[in-house]
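What follows is each chain in one-letter form.
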Amino acid sequence: MSIWSLLAYIAAIIFWSSWLKRNIGEAMVVGWVVVLLFGGSQFFDLLMKSIVFAAMQETVYAALAFVFMAFVMSKTGLVNRLVDILNSTLGRVAGGAGYISTLASALMGLISGSGSGSAASVGAVTIPWMVNSNWPRQLSATMVAGNAGLGIALPPCSSMFLILGLGVVAEKVTIGSLYIALLTAGLWTLLYRLILVRWFVFKYNIQPLPPAMIKSFSQTFREGWTSLLIFVGIIVPVGLTIGPVADYLTAIKSFGPKGLKSISIIVWIPVLISWIAIFEGRKYLPKTASGLYELVQSSAKRYVVVGATLFAAFAAGDVMTRLGLAKDMMAILQAMNLSPLLMIILVGILVTLIGGPLTSTATVVAIGSVSFSALIYAGVDPAIAAAVILIFSSTEGASPPGAAPIFIACGIANVDPVKTFVPLIVYYVIPIVIIGVLIALGVLPTMVM
């Protein structure tokens with residue numbers, strides 16, 4: 001039943017958005033209702049539980065905050081001042097913003113381990129820069145969403161510790177061995193992404209900015225140094241939750257781990273940057289109450305699609321979980337008697353499909369044990385098997401239609417998320433799964449302690 005609900009969910013979304021040409025927000029709500037119908041007499045019970053579940057997801061509210069952040073940054077002109085500074089340093093390199101965006105995503109992955117956090121912090125700076133340095137707006141959002149998976153493909157990440165918490169994995173894999181295996185495996189996905197940037201530069205004929213458009217660094221810094229204050233909005237939340245400051249706060253009895261956990265990077269980054277943008281560009285904003293009302297009202301329509309899409313995606317994922325999707329998938333996998341190659345490919349497809357409507361952490365919890373056992377059966381080294389599962393699950397950030405990084409990136413770039421779905425699958429989801437398969441087969445070497 002749950003397998004059919006997943007297939008019906010995907011079919012309903014494709015039909016509503018592609019065939020009927022309706023917006024993705026409507027399509028996701030329709031998909032949610034279709035999944036609920038598989039609950040039969042439990043329809044209303046599942047409806048209420050899924051609503052509560054979706055309403056508790058901070059990513060829904062964070063995505064809306066990023067839409068507002070991008071709107072404010074644009075209206076105050078902060079983006080233009082920041083882009084002028086960035087172009088004065090790397091504007092002479094063809095596609096320079098794309099390379100920096102990819103490397104910055106990897107850096108955020110090493111620091112925070114959050115796909116949404118990576119898309120949020122990196123996209124806030126690099127998407128406006130890319131758009132203003134000859135990158136297509138849609139492609140800029142696609143790259144940031146596609147690179148968000150580096151937050152899961154590189155250690156440390158929450159999914160890494162979750163998979164180590166599974167009994168069958170803990171018996172065979174140590175923290176150190178998985179850290180090294182995931183780090184080297186993740187670097188293969190980073191190398192692929194850098195090669196992909198070069199391909200994009202060639203395919204879209206992205207040229208360096210004309211010399212006439214590049215001002216001197218001294219001039220751009222003098223005119224727009226206040227725009228650099230937005231980095232404070234990124235550094236403060238990250239600095240409070242990671243590193244020595246986080247260790248200090250954790251040790252304080254009145255604060256402790258619970259207090260630290262309550263500080264959400266993906267919520268505070270857009271909130272702080274929005275306030276900084278308003279302060280930095282206050283002279284460009286309306287001074288009257290009616291002007292401010294019109295400004296806020298003009299941004300309202302941007303929230304509807306993003307909010308409805310993410311809310312329905314989380315709600316539908318919760319319903320499928322309650323219908324036993326993970327259990328049924330596990331039963332099918334265990335019943336198959338496949339060759340090692342086919343088993344590895346099947347695990348990759350399975351983890352990717354489950355990670356679409358769910359999340360990487362939920363996927364690891366749901367089918368991590370059976371996936372690990374299947375890879376061990378196929379002859380994969382235990383540490384590499386655990387790392388490969390995380391590589392497969394890292395496609396969650398780029399898997400349409402419900403991946404939060406897609407809507408965060410598209411909200412910043414102000415593009416229709418649906419237009420990024422096919423490019424994300426072609427350029428990121430499928431290739432990353434193939435890389436994971438090659439790592440499992442030993443074609444792409446990976447270090448193991």
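Residues numbered from 1 in each chain as written. Predicted model: local features only at pLDDT ≥ 70, side-chain atom pairs only at ≥ 80, totals over all residues. Heavy atoms only, no water.

### Structural notes on the overall build of the protein
Stage number 1. Within the protein one finds 24 helices and 0 strands.
Stage number 2. Its C-alpha atoms give the protein a radius of gyration of 22 Å, near enough to 22 Å, the size a compact globule of 449 residues would have.
Stage number 3. Over its C-alpha atoms, taken along the principal directions, the protein stretches across nearly 65 × 55 × 50 Å.
Stage number 4. Residues counted as buried form 53% of the 449 residues belonging to the protein.
Stage number 5. Looking at the protein alone, contacts between residues at least 24 apart form 79% of all its contacts between residues at least 6 apart.
Stage number 6. When the accessible surface of the protein is summed, it comes to about 19500 Å², and 70% of that surface belongs to carbon and sulfur atoms.
Stage number 7. Charge-centre separation for the protein: the mean point of 24 positive side chains lies 8 Å from the mean point of 14 negative side chains. (Helix = DSSP H or I, 4+ residues; strand = E, 2+ residues; numbered from the N terminus. Rg over C-alpha atoms; globule rule 2.2 N^0.38 Å. Buried < 20%, exposed > 50% of the residue type's maximum accessible area, 1.4 Å probe, protein only. Contact = heavy atoms within 4.5 Å. Areas by Shrake-Rupley, 256 points an atom, 1.4 Å probe, with all protein chains shown as cover. Lys, Arg positive; Asp, Glu negative; His and termini not counted. Charge placed at Lys NZ, Arg CZ, Asp CG, Glu CD.)

### Remarks on the pattern of salt bridges
Pairs can form between side chains of opposite charge whenever their charged atoms are close.
Stage number 1. Counted according to the given criterion, the structure contains 3 salt bridges.
Stage number 2. Taking the shortest distance from any N to any O, the salt bridge between glutamate 280 and arginine 81 comes out at 2.7 Å. Note that glutamate 280 is positioned in helix H17 (residues 265–280) and arginine 81 in helix H5 (residues 78–90), a separation of 199 residues in sequence. An identical accessibility class is assigned to glutamate 280 and arginine 81; each is buried.
Stage number 3. Linking aspartate 318 and arginine 322 is a salt bridge whose minimum nitrogen-to-oxygen distance equals 2.9 Å. Here the residue aspartate 318 and the residue arginine 322 both occupy positions in helix H18 (residues 289–322), the gap between them amounting to 4 residues, near one helical turn. (Salt bridge = Lys/Arg side-chain N within 4 Å of Asp/Glu carboxyl O.)

### Side note on unusual backbone geometry
Stage number 1. Phi angles above zero are rare outside glycine, and asparagine 205 is one such case at about 50°.
Stage number 2. Following the sequence through the fold, asparagine 205 ends up in the loop between helix H12 (175–203) and helix H13 (217–224).
Stage number 3. Relative accessible area serves as the criterion here: at 52%, asparagine 205 is assigned to the exposed category.
Stage number 4. Even without a glycine there, the phi angle at asparagine 414 is positive, about 60°.
Stage number 5. Relative to the assigned elements, asparagine 414 resides in the loop between helix H23 (404–413) and helix H24 (418–441).
Stage number 6. Take asparagine 414: its relative accessible area is 45%, and that puts it in the partly exposed class.

### Considerations on the packing of helix H8 (residues 137–147) against H24
To describe two helices that pack against each other, one gives the angle between their axes and the distance between the axes.
Stage number 1. Running from N to C, H8 and H24 cross one another at 50°; their axes reach a closest spacing of 10 Å. Judged by the angle between their axes, H8 and H24 are oblique. In the crossing of H8 with H24, the sense of the turn from one axis to the other is right-handed. Contacts from Gln138, Thr142, Met143, Ala145, Gly146 and Asn147 of H8 reach H24 at Lys419, Thr420, Pro423, Leu424 and Tyr428.
Stage number 2. Taken together, the residues that form the contact of H8 with H24 break down as 5 nonpolar, 5 polar and 1 charged. (Axes fitted to C-alpha atoms, helices over the stretch in contact; angles between N-to-C directions. Parallel < 35°, antiparallel > 145°, perpendicular 65-115°, else oblique. Left-handed = near helix turned anticlockwise from the far one by under 90°. Nonpolar A, V, L, I, M, F, W, Y, C, P; charged D, E, K, R; others polar.)

### Overview of the packing of helix H22 (residues 382–393) against H24
Stage number 1. Relative to each other, H22 and H24 sit at 175°, their axes nearing to 9 Å. Between H22 and H24, the angle is such that the two are roughly antiparallel. Along its contact with H22, which presents Ile384, Val388, Ile391 and Phe392, the element H24 presents Ile432, Val433, Gly436, Val437, Ile439 and Ala440.
Stage number 2. Of the residues belonging to the contact of H22 with H24, the class tally is 9 nonpolar, 1 polar and no charged.

These figures come from the coordinates and say nothing about function on their own.
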